[in-house]
Amino acid sequence: MDAGPRDAGPTYPTPLPGEVFLSEINYNGENVAGGSETAFEWFEVYNKSSKTLTLKGVTVELGQSDAPKAFLIAEEVILAPGAYKVLPFSAATCRVPAGMLAVANGAPYSYGDAQAARTLNNSGAAGSWPRLALKVGAVTIDDQQYGQGGFFSANQQTIQRKDFAAYAPGVAFDATKWCKSSKVWAGGNANDFGTPGLASDCP
Ligand SMILES: [Ca+2]
Ligand SMILES: [Ca+2]
């Protein structure tokens with residue numbers, strides 16, 4: 001049996017709580033008449049740790065808090081220490097420069113192409129907030145019910161995180177630890193507000 005290492009690339013660990021965070025969410029994309037804003041959606045992750053990590057094996061839950069939809073990241077998506085990387089519904093339509101996007105197998109990663117149900121929801125109320133979460137098996141890495149308390153952004157305005165304390169079970173979304181973006185990003189259009197691939201610029 002040949003179990004030699006020559007065919008295996010480097011392997012990296014999946015994140016633990018406190019190592020990788022949801023740092024920015026673009027759930028409210030451009031409102032295209034007769035179309036879907038989902039094509040513009042993306043979220044950003046931040047590797048706060050000093051380790052190179054992979055998102056391969058991370059489960060993403062999205063949708064509404066009372067009816068989550070989930071998918072597994074099956075591709076090797078590597079996060080360098082300190083990196084901010086964008087995971088878009090579609091790398092082709094998100095209007096985020098390629099250098100800011102997460103990469104899988106040498107190409108920009110997309111989680112939504114041909115998976116129309118993978119939407120980042122825009123609205124909700126008590127008991128059914130829009131939600132985005134990252135898990136490794138049963139371990140929650142991050143979990144944000146981002147509309148909670150009525151903290152909703154406008155069309156083409158992301159929300160950015162300004163506090164990176166490790167996720168603790170049962171802690172509600174805290175809007176004071178987030179801001180609504182106020183500056184356009186390079187490579188987007190004149191109404192795309194956010195900091196894809198970069199640290200938050202919250203006041
Ligand atoms: Ca949306
Ligand atoms: Ca950012």
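Refer to the structure printed above.
Cut-offs and rules
Residues numbered from 1 in each chain as written. Chains lettered and ligands numbered in written order. Predicted model: local features only at pLDDT ≥ 70, side-chain atom pairs only at ≥ 80, totals over all residues. Heavy atoms only, no water. Salt bridge = Lys/Arg side-chain N within 4 Å of Asp/Glu carboxyl O. Donors = N, O, S within 2.8 Å, 3.2 Å for Na, K, Ca; no water. Tetrahedral: all angles 85-135°; square planar, octahedral: opposite > 155°, others 65-115°. Helix = DSSP H or I, 4+ residues; strand = E, 2+ residues; numbered from the N terminus. Buried < 20%, exposed > 50% of the residue type's maximum accessible area, 1.4 Å probe, protein only. Pairing = 2+ DSSP bridges. Axes fitted to C-alpha atoms, helices over the stretch in contact; angles between N-to-C directions. 1 Å grid on protein atoms, 1.4 Å probe; cavity = no way out; pocket = protein on both sides within 12 Å on 5 of 7 lines; lining within 4 Å. Points joined across faces, edges and corners; volume = space filled by probe spheres on them. Nonpolar A, V, L, I, M, F, W, Y, C, P; charged D, E, K, R; others polar. Disulfide = S-S within 2.5 Å. Phe/Tyr/Trp six-rings, centres within 6.5 Å; stacked < 30°, edge-to-face > 60°. Lys NZ or Arg CZ within 6 Å of the ring centre and 35° of its normal.

Caption draft 1: Just the pattern of salt bridges, in detail. Per the stated rule, a full pass over the model turns up eight salt bridges. With its nearest N and O atoms 3.6 Å apart, the salt bridge here joins Lys-177 to Asp-174.

Caption draft 2: Here's a closer look at the coordination of the calcium ion (ligand 1). The protein atoms donating to the calcium ion (ligand 1) are Tyr-27 (O), Glu-37 (OE), Glu-37 (OE), Glu-41 (OE), Leu-120 (O) and Asn-122 (OD1), with metal-donor distances spanning 2.1 to 3.0 Å. Given six donor atoms and angles of 45 to 169° at the metal, the environment of the calcium ion (ligand 1) is assigned as irregular. Read N to C, the donor residues that coordinate the calcium ion (ligand 1) are spaced as Y-x9-E-x3-E-x78-L-x1-N. Taken together, the residues Glu-37 in the loop between strand 1 (20-26) and strand 2 (42-47) and Leu-120 in the loop between strand 9 (107-108) and strand 10 (130-136) connect sequence positions 83 residues apart. Neither residue differs from the other here; Glu-37 and Leu-120 are each classed as buried.

Caption draft 3: Region of interest: the sheet that holds strand 5 (residues 67-72). Here we have four strands laid out as an open sheet, ordered 5-4-10-11, and antiparallel in their pairing. Each end of this open sheet is capped by a strand with a single partner; those strands are strand 5 and strand 11 (139-144). Each adjacent strand pair in this sheet contributes to an overall mean axis angle of 20°, direction not counted.

Caption draft 4: Examining unusual backbone geometry more closely. Of note, Arg-95 is a non-glycine position whose phi angle comes to about 65°, a positive value. In this structure, Arg-95 sits in the loop between strand 7 (84-88) and strand 8 (103-104). Of the residues examined, Arg-95 reaches a relative accessible area of 25% and is grouped as partly exposed.

Caption draft 5: Representation of the sheet that holds strand 7. The strand order across the open sheet formed by five strands is 7-2-1-12-13, and the pairing between neighbours is antiparallel. Two strands in the sheet have a free side with no partner beyond their single neighbour: strand 7 and strand 13 (178-180). Each adjacent strand pair in this sheet contributes to an overall mean axis angle of 25°, direction not counted. Across five bridges, strand 2 lies against strand 7 in antiparallel orientation. In the sheet register, Glu-44 faces strand 7, and the bridge partner there is Val-86.

Caption draft 6: Broad picture of empty space enclosed by the protein. Evaluation of the coordinates by the stated rule reveals one cavity of 30 Å³ or more. Its volume calculated, the largest cavity comes out at about 40 Å³. Lining the largest cavity, in full, are Asn-26, Gly-29, Glu-30, Phe-40, Cys-94, Arg-95, Gln-156, Trp-185 and Asp-192. Residue composition of the lining of the largest cavity, by class: three nonpolar, three polar and three charged.

Caption draft 7: Structural detail: the state of the cysteines. Counted by the stated rule, this structure contains one disulfide. Here Cys-179 connects covalently by a disulfide to Cys-202, the sulfurs 2.1 Å from one another. Taking the sign of the S-S torsion, -80° for the link of Cys-179 and Cys-202, the bridge is left-handed. Placement of Cys-179 in strand 13 and of Cys-202 in the segment after strand 13 is noted, with a sequence separation of 23 residues between them. In this structure Cys-202 comes out as buried when scored by relative accessible area, which is 19%.

Caption draft 8: The packing of aromatic side chains, seen in detail. Applying the stated criterion across every chain, the model contains 11 aromatic pairs. Where Phe-71 meets Tyr-111, the ring centres are 5.5 Å apart and the plane angle is 20°; that geometry is what we call stacked. A residue pair is termed long-range when its members are at least 10 positions apart, and Phe-71 in strand 5 and Tyr-111 in the loop between strand 9 and strand 10 qualify at 40 residues. According to the relative accessible area criterion, Phe-71 is buried, its value standing at 5%. Its relative accessible area of 2% is what places Tyr-111 among the buried residues. Taken together through their ring pairs, the aromatic side chains of Phe-21, Tyr-46, Tyr-84 and Phe-164 make up a single cluster. A cation sits over an aromatic face here: Lys-180 above Phe-151, 5.0 Å from the ring centre.

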